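Residue-level listing of the chains:
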Amino acid sequence: MKSTKALIDCPCGSAKAYASCCQPLHHGQAAKSAEALMRSRYAAYVLHLENYLLATWHSSTRPDSLDLAHDDIKWLGLEVLREEVTSPSTAIVEFIARYKVGGTRAERMHEVSEFVYTNAWYYVTGQTN
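Caption draft 1: View of the overall build of the protein chain. The helix and strand tally for the protein chain stands at 3 helices and 4 strands. Overall, the protein chain shows an N-to-C arrangement of helices and strands of α-α-α-β-β-β-β. A globule of 129 residues ought to have a C-alpha radius of gyration of about 14 Å, and the protein chain, at 14 Å, matches this closely. In terms of overall dimensions, the protein chain has C-alpha extents of about 40 × 30 × 30 Å along its principal axes. Here the protein chain holds 129 residues, and the buried ones make up 41% of them. Taking contacts inside the protein chain between residues at least 6 apart in sequence as the whole, the part at least 24 apart equals 39%. The distance from the centre of the 13 positive side-chain charges to the centre of the 14 negative ones in the protein chain is 6 Å.

Caption draft 2: Focus on the pairing of strand 1 (residues 73-87). Both strand 1 and strand 2 (residues 90-101) contribute to a ladder of 12 bridges, which runs antiparallel. From the neighbouring strand, Val80 faces strand 2, where its bridge partner is Phe95. Connecting strand 1 to the antiparallel partner strand 2 that follows it, the hairpin turn spans 2 residues.

Caption draft 3: Summary view of unusual backbone geometry. Positive phi, close to 70°, is recorded for Ala15, a residue that is not glycine. By secondary structure assignment, the location of Ala15 is in the segment before helix 1 (23-26). Taking the relative accessible area as the measure of exposure, Ala15 reaches 77% and is therefore exposed. Phi at His48 is positive, roughly 60°, even though this residue is not glycine. Among the structural elements, His48 can be located in the loop between helix 2 (34-47) and helix 3 (50-55). Among the residues examined, His48 registers a relative accessible area of 15% and is labelled buried.

Each value, and the rule that gives it
- Residues numbered from 1 in each chain as written.
- Predicted model: local features only at pLDDT ≥ 70, side-chain atom pairs only at ≥ 80, totals over all residues.
- Heavy atoms only, no water.
- Helix = DSSP H or I, 4+ residues; strand = E, 2+ residues; numbered from the N terminus.
- Rg over C-alpha atoms; globule rule 2.2 N^0.38 Å.
- Buried < 20%, exposed > 50% of the residue type's maximum accessible area, 1.4 Å probe, protein only.
- Contact = heavy atoms within 4.5 Å.
- Lys, Arg positive; Asp, Glu negative; His and termini not counted.
- Charge placed at Lys NZ, Arg CZ, Asp CG, Glu CD.
- Pairing = 2+ DSSP bridges.

Structure below.
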């Protein structure tokens, strides 16, 4: 796991300090919206916080494990395009995440993610374009 102590700017691109943005969620505070959860999950990928990612993944689609320690993805930035609340308990978030794998050129992942609220917001699935 990467150190989170020295972070000033939040990796999620919110222009807020990590300590007042995604860090409280990474330490157990509930996300107030699907977008906040999505941003915190992006930051968790940057920081290799596998337990957080699994805990915020809906049980119906959650993988058994992740192996972020051995990936060589470098996340470069996040742009949230929209959040749409589709019902009192569902929402979608569309975003573009930029990354590099190894020394390759930068890539873009354009995804529309589905979220559900039960006792908290959870990531369900995403469709990439």
